[in-house]
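Residue strings, one per chain:
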Amino acid sequence: MSGTQRRAAAGLTAKIGDQVFTEITRFSVARDLQNIAGTFEVTVVDEARVKDALLAKIGLSPKNPAIKAGDAISFAIDGEPALVGWIDVPHFTWKGDRIECQLTGRDKTGDLVECAALPSGPAEFRGVDLLYVAKKVCEPYGIVVKADVDIGAPFERLALHKHQTALTFLESAARQRSVLLVSDGVGGLLLTRGGSSRGPSPLRIGFEIQDVDVRFDWTKRFSDYFVTQDSSKKRSGGPALDSTVVPVTGAPAPLDEPGAASEDEAASIGTMGHAKDPDVKRWRPTVRLTRSQSGMDTVQEQAEWMARVAKGESDKVVFQVLEWRAGEKKELWRPNQVVAVTEPYSGISRDMLIAGVTFQYDEEGRRTRLRVAGVTAYDRINEAERSRGNRGHRGRHGAGALDSTVVPLTAR
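Structural notes, computed from the coordinates.

Parameters and conventions
- Residues numbered from 1 in each chain as written.
- Predicted model: local features only at pLDDT ≥ 70, side-chain atom pairs only at ≥ 80, totals over all residues.
- Heavy atoms only, no water.
- Pairing = 2+ DSSP bridges.
- Helix = DSSP H or I, 4+ residues; strand = E, 2+ residues; numbered from the N terminus.
- Axes fitted to C-alpha atoms, helices over the stretch in contact; angles between N-to-C directions.
- Salt bridge = Lys/Arg side-chain N within 4 Å of Asp/Glu carboxyl O.
- Buried < 20%, exposed > 50% of the residue type's maximum accessible area, 1.4 Å probe, protein only.
- Phe/Tyr/Trp six-rings, centres within 6.5 Å; stacked < 30°, edge-to-face > 60°.
- Lys NZ or Arg CZ within 6 Å of the ring centre and 35° of its normal.

## Description of the sheet that holds strand 18 (residues 285–289)
And step 1. Ordered by their spatial adjacency, three strands build an open sheet running 17-16-18, and the pairing between neighbours is mixed. Both edges of this open sheet fall to strand 17 (271–276) and strand 18, since each of them pairs with a single strand only. The sheet shows a mean angle of 20 degrees between the axes of neighbouring strands, taken without regard to direction.
And step 2. Note: strand 16 (residues 224–229) against strand 17, six bridges, orientation antiparallel. By the bridge assignment, valine 227 is partnered in strand 17 with glycine 273.

## Let's talk about the pattern of salt bridges
Charged atoms that come close allow side chains of opposite charge to pair.
And step 1. Considering all chains together, one arrives at 23 salt bridges under this definition.
And step 2. Of the charged contacts in the structure, one is a salt bridge between glutamate 80 and arginine 334, with a shortest N-O distance of 2.7 Å. With a gap of 254 residues between them, glutamate 80 in strand 6 (residues 80–95) and arginine 334 in the loop between strand 21 (331–332) and strand 22 (337–343) connect regions that are remote in the sequence.
And step 3. One salt bridge connects arginine 350 with aspartate 315, and the closest N-O pair in it is separated by 2.5 Å. Residue arginine 350 is found in strand 23 (residues 348–362), and its partner aspartate 315 is found in strand 19 (residues 315–322); the two are separated by 35 residues along the sequence.
And step 4. Taking the relative accessible area as the measure of exposure, aspartate 315 reaches 10% and is therefore buried.
And step 5. Put simply, Asp78, Glu80, Glu323, Arg325, Arg334 and Arg366 are held in one network by salt bridges that share partners.

## With respect to the pairing of strand 5 (residues 72–77)
And step 1. Pairing analysis gives five bridges linking strand 1 (residues 12–16) to strand 5, with the strands arranged antiparallel. In the strand pairing of strand 5, lysine 15 is matched with serine 74.
And step 2. Relative to strand 6, strand 5 is paired through six bridges, and the arrangement is antiparallel. Its bridge partner lying in strand 6, serine 74 is registered against valine 84.
And step 3. Linkage of strand 5 to strand 6, two consecutive antiparallel strands, is achieved through a turn of two residues, within which aspartate 78 is found at a positive phi near 55 degrees.

## Considerations on the packing of aromatic side chains
And step 1. Per the counting criterion, the structure on display carries six aromatic pairs.
And step 2. Ring geometry for phenylalanine 27 against tryptophan 324: centres 5.6 Å apart, planes inclined by 55 degrees, an arrangement best described as tilted. Taken as a pair, phenylalanine 27 in strand 3 (residues 24–32) and tryptophan 324 in the loop between strand 19 and strand 20 (325–326) lie far apart in primary sequence, 297 residues in all. A single burial state applies to phenylalanine 27 and to tryptophan 324, both of which are buried.
And step 3. Summarising the aromatic geometry, the rings of phenylalanine 125 and phenylalanine 169 are spaced 6.3 Å apart at their centres and angled 25 degrees between planes, so their arrangement reads as stacked. Of the two residues, phenylalanine 125 sits in strand 8 (residues 124–125) while phenylalanine 169 sits in helix 4 (residues 166–175), which places them 44 residues apart along the sequence. Phenylalanine 169 shares its class with phenylalanine 125; the two are buried.
And step 4. Grouping aromatic residues by their ring pairs yields a cluster made of Phe27, Phe40, Phe75, Trp324 and Phe359.
And step 5. The ring of phenylalanine 207 carries the charged tip of arginine 204 above its face, separated from the ring centre by 4.4 Å.

Next comes the structure, spelled out in structure tokens:
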């Protein structure tokens, strides 16, 4: 870039191959619990290539390597790793005397989104835990997997379909152990749960918070959450009662009350869980039918989980704060941290979860965009089909070498 020079971000470096770039005039690195992979968008000043390009006008060949799609890239903030990934799209523009190189891409876990899990097998895993499975899938991608929570019991059997992407397969397995998959942004995958640590500083209007955007969305929030477990025991005496039918007064009526379901109808409905959201005062019920007849957490636990998650997701809050660091230790903001939020205009005064972090730099200087949600927004519930043999058994993080239990692709 020549002509009017823009101020580069101090303390920010990008490394591509053997080249280190310190002239970065625009910078955005985002990590969000909604997306497994962190993303980046930067504008770098490649002085060496600029000189080569100008020399090429008089017939001299470039001496420095060009930036290419697929190149490895890493970012550091004041020497601290901020993102390690791959360049997806390099975009070069040359208008008059202004030359720019804009780069977009994702951290290493981005490959898990589109790519096959294990195209050469195995077709299923037996007797190994989630950490072992995740390591097996991520190893070919150069992604290190760690866990900071109890990842549960080994799987009795975990099937893998050849068409499944790595992310689809791992998310399915993680749901069976109530675990959240989170990229650490610097080449690793973390098995964790929502709100595993505290943020570096509280968020207060007039102090850390610079701009506020708050929206409370109750379109997917209900007064009553019903979960039914359909037994599928239909009788010959007429059609079964629709499992979505509940009495208009609230919870299902006992069988000895007028208008209650018959024994045949009750058998068709099966077990029902019921949870209430006390903040929703008007009658707004919702019903979910469980996926299987046995093996999951109880229908009551599922109903309570639905209420918790809906409450957490209804808070849609975005704060902008100055700088990339906060607190006495000047730590970088990170997703999945719990922070105390005080914002009197919208009436917020409670702990909330940092769901997304975007570090930004441009003409306005350094700042951080924080997407904040209710602390239960990323709660997880166990969706495993438990066998009698593993009920109550808890696995360990350090699964040993269990290759002998892996079933080959041809063995089904």
